[in-house]
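Listed below, chain by chain, are the residues.
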Amino acid sequence: MSPRPAPPQVDRAAASRAAVAARRARAAVKQSIATRNRSAREVAETAWAEPDSPEAGLRVRELLGSIPGLGPTRVARIMGALGIADSKRTGGLGVRQRTALRDWLTAREGGETTSTLVVLAGPTAVGKGTVSAYIREHYPEIHLSVSATTRAPRPGEIDGVHYFFVSDDEFDRMIAEGELLEWATVHNSYRYGTPRPPIDAALTAGKRVLLEIDLQGARQVREAMPEAKLVFLLPPTWEELVRRLIGRGTESPEEQARRLETAKVELAAQDEFDHRVVNTDVAVAAREVVELTS
Ligand SMILES: Nc1ncnc2c1ncn2[C@@H]1O[C@H](COP(=O)(O)OP(=O)(O)OP(=O)(O)O)[C@@H](O)[C@H]1O
Ligand SMILES: Nc1nc2c(ncn2[C@@H]2O[C@H](COP(=O)(O)O)[C@@H](O)[C@H]2O)c(=O)[nH]1
């Protein structure tokens, strides 16, 4: 039997010095992005051209996190939308991920990512649904979020257009798997929530996004995405709100009374919002909301 070859000698001290040097080099790259000496796209291009460079060893989350104005939450959201796992290094991205990241960085450099998230909330029967429907029809450039709900469809409502109508089990699954940006039980009856992936994808693509949700949901979005603009829709008068609720005729007198009590509490929260729009005329209110998405 021939003797086994001797295992290669590991020079631990040299390996440790190399690791420290590589870490310092990566920190210098991050610093150069933070101080705007180099753009993140230039750094990424170097990473792809030179696989042994410090740029290639930089994690994508570090690359994006070095861009002024991008915090960890937004970085995680962008990476999710680009389909890049949290641990990925820039040099280790596949062709499709490189293309997605390059396009995103290029768009950002060109100032194309002026995406905005606007949340429209307000008391029952103020006209949130009516104003949103008007925006869906007249402003196709606005990405209107389609919520998931456990309530049954009303006549004329289409699954995937007005809501995703889901079972209680499916809604539980969406919560458990972190698929909802926010969710709430509305009017003490059914659950409603905003699916997160379409919002991330639309914002990453630089679109203007509108959510029409209740006050509890608006507060959760403010926590999760402080950059969102919160818009409160107001009735011209309290009497008109009552008229709209009763005129709609979709709730029993007991339910109407309960909603009006909640409406008083919701109206008292209007100062938490960044903007207020009075819904006297649907087309005018819709235009004002759309202008706030720019
Ligand atoms: N500007 C307006 N002028 C007159 N009526 C309006 C106006 N906007 C909405 N309405 C009417 O008010 C009623 C309530 O509107 P809508 O259902 O859109 O309210 P909502 O805020 O979505 O209510 P909820 O939160 O209870 O679902 C409807 O009958 C609608 O046609
Ligand atoms: N928190 C959330 N609230 C939502 C969402 N989608 C809709 N809503 C609100 O529910 C009520 C009732 O709506 P209806 O269509 O059943 O009349 C209304 O106030 C909506 O604003 C959501 O995703 N999250």
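About the criteria used
Residues numbered from 1 in each chain as written. Chains lettered and ligands numbered in written order. Predicted model: local features only at pLDDT ≥ 70, side-chain atom pairs only at ≥ 80, totals over all residues. Heavy atoms only, no water. 1 Å grid on protein atoms, 1.4 Å probe; cavity = no way out; pocket = protein on both sides within 12 Å on 5 of 7 lines; lining within 4 Å. Points joined across faces, edges and corners; volume = space filled by probe spheres on them. Helix = DSSP H or I, 4+ residues; strand = E, 2+ residues; numbered from the N terminus. Nonpolar A, V, L, I, M, F, W, Y, C, P; charged D, E, K, R; others polar. Domains from an automatic or database assignment. Contact = heavy atoms within 4.5 Å. Buried area = accessible area lost by both parts, 1.4 Å probe. Salt bridge = Lys/Arg side-chain N within 4 Å of Asp/Glu carboxyl O. Near = heavy atom within 4 Å. Polar contact = N/O pair within 3.5 Å; in protein donor to acceptor, adjacent residues only side chain to side chain. Areas by Shrake-Rupley, 256 points an atom, 1.4 Å probe, with all protein chains shown as cover. Pairing = 2+ DSSP bridges. Axes fitted to C-alpha atoms, helices over the stretch in contact; angles between N-to-C directions. Core = buried A, V, L, I, M, F, W, Y, C linked by side-chain atoms within 4.5 Å. Buried < 20%, exposed > 50% of the residue type's maximum accessible area, 1.4 Å probe, protein only.

A. Region of interest: the layout of surface pockets. The volume enclosed by the largest pocket comes to roughly 1,200 Å³. The wall of the largest pocket is formed by 42 residues, among which Gly129, Arg151, Arg154, Tyr163 and Glu212 lie closest to the centre. Looking at the lining of the largest pocket, the elements with two or more residues in it are helix H7 (128-138), strand S5 (180-186), strand S6 (190-195), helix H11 (238-248) and helix H12 (253-267). No other element matches the 6 residues that H7 contributes to the lining of the largest pocket. Class assignment of the residues belonging to the lining of the largest pocket gives a composition of 14 nonpolar, 14 polar and 14 charged.

B. Here's a closer look at the domain arrangement of the protein chain. For the protein chain, the domain assignment lists domain 1 (14-108) and domain 2 (117-291). In this assembly, 7 residues from domain 1 lie in contact with 8 residues from domain 2. Together domain 1 and domain 2 conceal approximately 540 Å² of surface at their shared face, both sides included; 59% is due to carbon and sulfur atoms. Along the contact surface separating domain 1 from domain 2 lie 2 salt bridges. A per-element tally of the side of domain 1 that touches domain 2 places helix H5 (residues 72-82) first, with 6 residues. Here the residues of the side of domain 1 that touches domain 2 sort into 4 nonpolar, 1 polar and 2 charged.

C. The arrangement of the site of ligand 2 in detail. The environment of ligand 2 is formed by 15 residues, the closest being Ser147, Arg151, Tyr163, Tyr192 and Glu212. Within the side chain of Arg151, a nitrogen or oxygen atom sits 2.7 Å from an oxygen atom of ligand 2. At 2.7 Å from a nitrogen atom of ligand 2 is found a side-chain nitrogen or oxygen belonging to Glu182. In isolation ligand 2 exposes 510 Å². Once the protein is present, 91% of that is buried. Mapped onto the shell around ligand 2, the elements with two or more residues apiece are S5 and S6. A breakdown of the residues in the shell around ligand 2 according to their chemical character gives 5 nonpolar, 4 polar and 6 charged.

D. Expanded view of the sheet that holds strand S7 (residues 208-212). Pairing is parallel in the open sheet, where 5 strands are placed in the order S2-S7-S1-S8-S9. Of all the strands in the sheet, just strand S2 (142-144) and strand S9 (275-278) have a single pairing partner and so form its edges. In this sheet, adjacent strand axes meet at a mean angle of 25 degrees when their direction is disregarded. Pairing of strand S1 (residues 116-121) with strand S8 (residues 229-234) involves 4 bridges; the strand directions are parallel. Residue pairing across strands places Leu120 opposite Val231, the latter belonging to S8. Docked against the sheet, helix H9 (residues 196-204) engages S1, S2 and S7, running at close to 150 degrees with respect to S7.

E. Structural context of the nonpolar core. Of all hydrophobic cores here, the largest spans 23 residues; its most connected members are Leu63, Leu64, Ile67, Leu101, Trp104 and Leu105. Among the secondary structure elements, those contributing two or more residues to this core are helix H1 (12-34), helix H2 (40-49), helix H4 (60-65), H5 and helix H6 (95-109). By residue number, the principal contributor to this core is H2, which donates 5 residues. Aside from chain neighbours lying at most four places away, what touches Leu101 is Trp48, Val60, Leu63, Leu64, Leu82, Ile84 and Leu93. If you look at the next biggest cluster of nonpolar residues, it comprises 22 residues, including Leu210, Leu233, Leu260 and Val289.

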